[in-house]
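Read off the chains here:
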Amino acid sequence: MAIEDDVLVIGGGIAGATAALAAAERDARVRLVTYKQSTLRHASGLIDILGYTPAGDGPLIDPFDALEDLPEGHPYERVGAETVRDALSFFDDVAGDAYAGEHTDANALVPTHGGTVKPTARYPASTAAGLASDPRDALLVGFETLPDFEAPLAAAHLEAAGAPFETRGVTLSFPGIVRDDAKVTRYAHLLDQDETVETAAGTTTAREALAERVRSQLDDEPRVGFPAVLGDERADEVRADLADAIGVDVFEVPMGPPSLPGMRLEDLLYDALEAAGVAVTSGVPVIDYETNGDADRIDRVVVDRHGAEIPHRADQYVLATGGLVGKGVRSERDRVFEPIFDCHVSHAEDRYDWFVDDVFGDQPYARFGLAPDRELRPLDATDDPEFANLRAAGAVLGGYDFAAEKSGAGVSLATGYAAGRRAGEECGD
Amino acid sequence: MSDAEQPTDDHVPGDDEFEPIQVFPQAEDMDLRPGADNCYKCSTCDTNCPVAEVDDEFPGPKFQGPEQWRLKRQDDHDIDDSVMKCSNCMRCDSACPSEVPLSQMHNTARGEYVDEQMSTISREYLRNRMLANYRKLAPLAATFPRTANFVMGLSATKWMGEKLLGITSEREFPDFATETFREWWTKRGGAQVESEEKRIAYFHGCYSNYNTPEVAKALVRVYEHFGYEIMVPEQSCSGTPMFANGMLDDARRAAETNVRELGAAIADGADIVASCSSCSMSLRQEYPELFDFAGTETVAENTWDAVEFLRVHEDLEGALEGTSVEDSNFAYHAPCHSRNQGLDGQTIEIMDRIDGVEAEDVGDSCSGISGTYGWKAEKYETSMKIGEEMFDHMEDADAETGLTECPTCSMQMEHGTGYEITHTLEVLEDALVGARSE
Ligand SMILES: Cc1cc2nc3c(=O)[nH]c(=O)nc-3n(C[C@H](O)[C@H](O)[C@H](O)COP(=O)(O)OP(=O)(O)OC[C@H]3O[C@@H](n4cnc5c(N)ncnc54)[C@H](O)[C@@H]3O)c2cc1C
Ligand code: SF4
Ligand code: SF4
């Protein structure tokens, strides 16, 4: 017996989760199989659509303006601007109050931990009070034990970047943390559970102790920014409590990996999957596929579960296994390839043409990935769909450079939505 | 064959570049460098570690694994004693996007630490050895179960346990059954179904034999319902508590027995099924990672989780269609060792098929007990802090009974919430065979 479903999504990052949700909306019986944890754990939790054009122009004020001019083969060009909008509103419905930004087409400007300002389309509610377009002065608070965020430096950078308000940075010790390499989850847990901590003034709770330290540093600023460690499970409650106790607005500055806002987004998506009745199998990879005589239809895929090979059968498949980081696309000395279905990945014959010497240059490898048709079916070397019932979404696709364009989550969302919706529509046809 | 292939090969096609450096005779001598070199310090593992989340003194899996490995290779570094704070939940394993064999590194580091740095007459060593070899004590207790339950429950015993051995007095010792599963099995005359084609060998492990034979009996009835001939081979502890305590020699002895006996059952045409997720994890992953007896791989490849086996080999969902169990609401916790095997969603999917059953997943946090870990006086607080999230979710769930597949998780669930806890196989038994009979 195989495990049977209508739609099988392979890969559990933002692309796979969105595809599964979109397919489930079409009343399909959907399963998502994912192996290791996705890049959501590293990503900032911001949903970037497009911050810069492929030619490097930007930061863009309205990403939708620029969508029309993208080159042929860009994932947004494949699905079309309308679908990008639909996908965003689909995301807005899933995220509810947890995300903001849907009131405008324009990019929001979110301060980052390095003190730069990042153009993004949707941002977690926890960063909302920190937007750089907001004219209110801000105090940034860093922690001695968290070297990735140097508040005074970030504040200076923000000022230098021309933010329309004054920013000051202070570095404090975090009540209850003694290790200088404590994990971000440790900070979050302390605040989530509001654990008891010892301070010079006696025993108190983590939230109260932190608020107390910040209060004494405040110089009339109406908002305070912290690195994004303010709780995990109960982040909203933590932030509200801190704001209450300090008496000002509180926001989080997105941090580098590993990232709590990314983890919270992951939780949000997986809660939505559960609510939508999507079956999730995680911790095990898909390693192979079989056709059923009919060479251009996938009959089943094989999931490797610690040595035992478990067949999973569905009518439609979505491949959302990520790029070189997620290992959906792999490289060896002399080839770049997609490991499950061996879909065609176009790249130069000579590996010395895969990159250019200038590390900041336009790197061909950044665009490696599958080339799909407008229905997101991966194409073979002669531009025919590899399989009739396989679509691809997210970082496994080529033709875009998410890091340079600031389009990572947006492309995964838009293509995941498009692929999942199609798969859901087509199954049973 | 070379066991060294196992550690870093994650079976994803296209990984064939990895060349094992050497074949190792002993776990402690393994060369895990290629695995360590895969680490690109992304810290994903650290954010998944339930111990690092609550314990300020634990440096986390990245340090325990690849970093400590490198340190050790550079000069004569001792293993850092923090490795004893790792609970062997193996969450870091499935977190790492780069195939670093973290839990294998921790297991070997712990083995080396215990061998070389821990005094064999220290209280900690004796206590750990006793906890790890629970199976050795269990038969004695099972011979006089009532007396044992009585003595274990005495406050004086608990006080002595804490003072003399460092076993927390906060917990209730699990009761010993008045009749072990194996006694019941012999009394009923062994297998009642014979079949050439459908045959399984049951790895019951220690807990369902001595403490919860009702789980083992449920397995028997469910499998016989599907027409399976059941074998109950001789067996030893799966070794999980021994790995977690760095008692690799004890684990090796146990594994040798299991591989031999289960291997023989496989030769007789059986697949191996286990009802405890740590047992199946151990046979499937830890054995091939740590040992190289003949047949280790065969046992790993032919071992299944009991429910998963039925899903793949029988139409379990079809069979459950139309069955019902009287109003039962469960708060389900997926054990870490089920997650690792890709089984985390399985129970909810199966329960959905039974009328009258509502099972609610209580989230992805670790229960915190991790086998013997939460029994140690100095770890008790950490263990309860880790469990807090699960307790909260259980209290919030619309259920009065807990559901899980791991015996120690079930102790922790009960301890933290006062709920009664049952096993998935028991619910399947109710649905498929009807009310439990003796
Ligand atoms: C450090 C970092 C920071 C980033 N910051 C931002 C940001 O600020 N804003 C933004 O918009 N984007 C950002 N991105 C990019 C964005 O996160 C990614 O482009 C996007 O998340 C990719 O999602 P995905 O679902 O396509 O793939 P992934 O997230 O890579 O997920 C792929 C999943 O597939 C699984 N998988 C792989 N092979 C198999 C298999 N054989 N079987 C089963 N499962 C398999 C993997 O385990 C993984 O879980 C960042 C990326 C990185 C690495
Ligand atoms: S096995 Fe569990 S406790 Fe140990 S380091 Fe890994 S995640 Fe942490
Ligand atoms: S998750 Fe893997 S690659 Fe990342 S730091 Fe941990 S061991 Fe290294």
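Scroll up for the structure.
On a predicted model such as this, the values are computed, not experimentally measured, just so you know.

Peer 1: Can you help me understand empty space enclosed by the protein in this one?
Peer 2: With a probe scaled to a water molecule rolled over the atoms, the places where space remains empty come into view. The tally for this structure, following the rule as stated, stands at nine cavities of 30 Å³ or more. Estimated volume of the second largest cavity: approximately 140 Å³. Taken together, 17 residues make up the lining of the second largest cavity; nearest its centre are A:Thr281, A:His312, B:Arg311, B:Gly342 and B:Leu343. Taken together, the elements giving at least two residues each to the lining of the second largest cavity come down to β16 (294–305) and β17 (308–313) of chain A together with α19 (306–313) and α22 (346–351) of chain B. If one sorts the elements of the lining of the second largest cavity by residue count, α19(B) sits on top with three residues. Taken together, the residues that form the lining of the second largest cavity break down as six nonpolar, six polar and five charged.

Peer 1: I tried to follow the site of ligand 2 on my own but got confused; where do I start?
Peer 2: All names here are of chain B. What surrounds ligand 2 is a group of 13 residues, the closest being Cys49, Cys86, Cys89, Met90 and Cys92. When residues of the shell around ligand 2 are traced back to their parent elements, those giving at least two are α4 (50–54) and α6 (91–95). In the shell around ligand 2, the residues fall into nine nonpolar, three polar and one charged.

Peer 1: So what exactly am I meant to see when it comes to the site of ligand 1 here?
Peer 2: All names here are of chain A. The full set close to ligand 1 counts 32 residues, and Thr39, Ser44, Lys118, Ala395 and Ala409 are the nearest of them. Separating an oxygen atom of ligand 1 from a backbone N or O atom of Ala15 is a distance of 2.9 Å. Here Lys118 contributes a side-chain N or O atom positioned 2.7 Å from an oxygen atom of ligand 1. A total of 1000 Å² of accessible area belongs to ligand 1 in isolation, and the protein chains cover 90% of it. Of all elements in the fold, only α1 (14–24), β3 (30–34) and α11 (408–426) reach the threshold of two or more residues within the shell around ligand 1. The biggest single contributor to the shell around ligand 1 is α11, with three residues.

Peer 1: Just to check I follow, could you spell out the packing of aromatic side chains for this structure?
Peer 2: Both the distance between ring centres and the angle between the ring planes are used here to describe each pair of aromatic rings. All names here are of chain A. Taken as a whole and assessed by the stated rule, the structure comprises 19 aromatic pairs over all chains. With a centroid separation of 4.8 Å and an interplanar angle of 80°, the aromatic rings of Phe143 and Phe174 are classed as edge-to-face. Within this pair, whereas Phe143 is found in strand β8 (residues 138–143), its partner Phe174 is found in the loop between β9 (167–172) and α6 (184–192), the two being separated by 31 residues in sequence. Neither residue differs from the other here; Phe143 and Phe174 are each classed as buried. Between Phe174 and Tyr187, the ring centres sit 4.9 Å apart and the planes meet at 85°, which makes this aromatic pair edge-to-face. Taken together, the residues span a long stretch of sequence, with Phe174 in the loop between β9 and α6 and Tyr187 in helix α6 at a distance of 13 residues. Considered together, Phe174 and Tyr187 belong to a single accessibility category, that of buried residues. In this structure an aromatic cluster arises from ring pairing among Phe143, Phe174, Tyr187 and Phe226. Note that Arg335 overlies the ring of Phe337, its terminal NZ or CZ placed 3.8 Å from the centroid.

Peer 1: For this particular structure, what's the right way to read the packing of helix α23 (residues 380–396) of chain B against helix α24 (residues 407–417) of chain B?
Peer 2: For any two helices packed against each other, one specifies the inter-axial angle together with the distance between the axes. All names here are of chain B. For the pair α23 and α24, the least separation of the axes is 9 Å and the interaxial angle reads 75°. Taken as axis vectors, α23 and α24 run roughly perpendicular relative to one another. Contact with α23, carried on its side by Tyr380, Ser383, Met384, Gly387, Met390, Phe391, Met394 and Glu395, involves Gln412, Met413, His415, Gly416 and Thr417 of α24 and no other residues of that element. Tallied by class, the residues present in the contact of α23 with α24 amount to six nonpolar, six polar and one charged.

Peer 1: What should I look at first to understand a negative patch on the surface in this one?
Peer 2: A contiguous patch of negative charge on the surface is contributed by A:Glu233, A:Asp271, A:Glu274, B:Asp352, B:Glu358, B:Glu360, B:Asp364, B:Glu395, B:Asp396, B:Asp398 and B:Glu400. Secondary structure elements with two or more residues in the negative patch: α9 (260–275) of chain A together with β6 (355–361) and α23 of chain B. Tracing the sequence through the fold places B:Glu360 in strand β6.

Peer 1: Would you mind showing me how to read the pattern of salt bridges here?
Peer 2: Side chains carrying opposite charge are able to pair once their charged atoms draw close together. Summed over the entire model, instances satisfying the criterion amount to 61 salt bridges over all chains. Across the pair A:Glu72 and A:Arg78 runs a salt bridge whose closest N-O atoms are separated by 3.8 Å. You can call A:Glu72 exposed: its relative accessible area is 68%. The residue B:Arg199 makes a salt bridge to B:Glu229 at a minimum N-O spacing of 3.7 Å.

Peer 1: Would you explain unusual backbone geometry in this entry?
Peer 2: The bulk of non-glycine residues show a negative phi, and the bulk of peptide bonds are trans. All names here are of chain A. In this structure, the amide linkage connecting Gly58 to the following residue, Pro59, adopts the cis form with an omega of 0°. In this structure, the amide linkage connecting Pro257 to the following residue, Pro258, adopts the cis form with an omega of -10°. Structurally, Pro258 is set in the loop between β13 (249–253) and α9. Here the phi dihedral of Asp220 falls at roughly 70°; this positive angle occurs in a residue that is not glycine. Tracing the backbone through its elements, the reader meets Asp220 in the loop between α7 (206–215) and β12 (223–227).

Peer 1: Looking at this structure, I do not really get the interface of chain A and chain B. What am I missing?
Peer 2: One frequently used descriptor of interface size is the decrease in accessible area upon assembly of the parts. With 49 residues of chain A at the interface, the matching set in chain B holds 60 residues. Across the contact surface, chain A and chain B share eight salt bridges. Viewed at the interface, chain B and chain A are joined by 18 residue pairs in polar contact (both at pLDDT 80 or more). Breaking the side of chain A that touches chain B down by element, the ones donating at least two residues are α6, α9, β14 (279–282), β16, β17 and β19 (330–332) of chain A. For the side of chain A that touches chain B, the residue count by class is 19 nonpolar, 12 polar and 18 charged.

Peer 1: What is the right way to look at the nonpolar core in this model?
Peer 2: Side chains that are nonpolar tend, in soluble globular proteins, to be buried together. A:Val30, A:Ile47, A:Tyr76 and A:Phe341 are the most contacted members of the largest nonpolar core, which has 78 residues in total. Counting 46 residues, the second-largest nonpolar core is a separate cluster that includes A:Val184, A:Ala188, A:Val197 and A:Val229.

Peer 1: I tried to follow the sheet that holds β8(A) on my own but got confused; where do I start?
Peer 2: Note: strands within a sheet are paired through backbone hydrogen bonds, in either parallel or antiparallel orientation. Residues and elements named next belong to chain A. With parallel pairing, the four strands of this open sheet are ordered in space as β9-β8-β12-β13. The open sheet is flanked by β9 and β13, the only strands paired with a single partner. For this sheet the average axis-to-axis angle between neighbouring strands, irrespective of direction, equals 25°. Direction of pairing for β8 relative to β9: parallel, over a ladder of six bridges. Counted as the bridge partner of Gly142 is Thr171 from β9. Together, β8 and β9 form the strand contacts of helix α5 (residues 151–160), whose direction differs from that of β9 by roughly 170°.

Conventions we followed
Residues numbered from 1 in each chain as written. Chains lettered and ligands numbered in written order. Predicted model: local features only at pLDDT ≥ 70, side-chain atom pairs only at ≥ 80, totals over all residues. Heavy atoms only, no water. 1 Å grid on protein atoms, 1.4 Å probe; cavity = no way out; pocket = protein on both sides within 12 Å on 5 of 7 lines; lining within 4 Å. Points joined across faces, edges and corners; volume = space filled by probe spheres on them. Helix = DSSP H or I, 4+ residues; strand = E, 2+ residues; numbered from the N terminus. Nonpolar A, V, L, I, M, F, W, Y, C, P; charged D, E, K, R; others polar. Near = heavy atom within 4 Å. Polar contact = N/O pair within 3.5 Å; in protein donor to acceptor, adjacent residues only side chain to side chain. Areas by Shrake-Rupley, 256 points an atom, 1.4 Å probe, with all protein chains shown as cover. Phe/Tyr/Trp six-rings, centres within 6.5 Å; stacked < 30°, edge-to-face > 60°. Buried < 20%, exposed > 50% of the residue type's maximum accessible area, 1.4 Å probe, protein only. Lys NZ or Arg CZ within 6 Å of the ring centre and 35° of its normal. Axes fitted to C-alpha atoms, helices over the stretch in contact; angles between N-to-C directions. Parallel < 35°, antiparallel > 145°, perpendicular 65-115°, else oblique. Contact = heavy atoms within 4.5 Å. Patch = residues over 30% accessible without salt bridge, like charges linked within 9 Å, V, L, I, M, F, W, Y side chains within 5 Å. Salt bridge = Lys/Arg side-chain N within 4 Å of Asp/Glu carboxyl O. Lys, Arg positive; Asp, Glu negative; His and termini not counted. Charge placed at Lys NZ, Arg CZ, Asp CG, Glu CD. Core = buried A, V, L, I, M, F, W, Y, C linked by side-chain atoms within 4.5 Å. Pairing = 2+ DSSP bridges.

The values are spatial; any link to function lies outside them.
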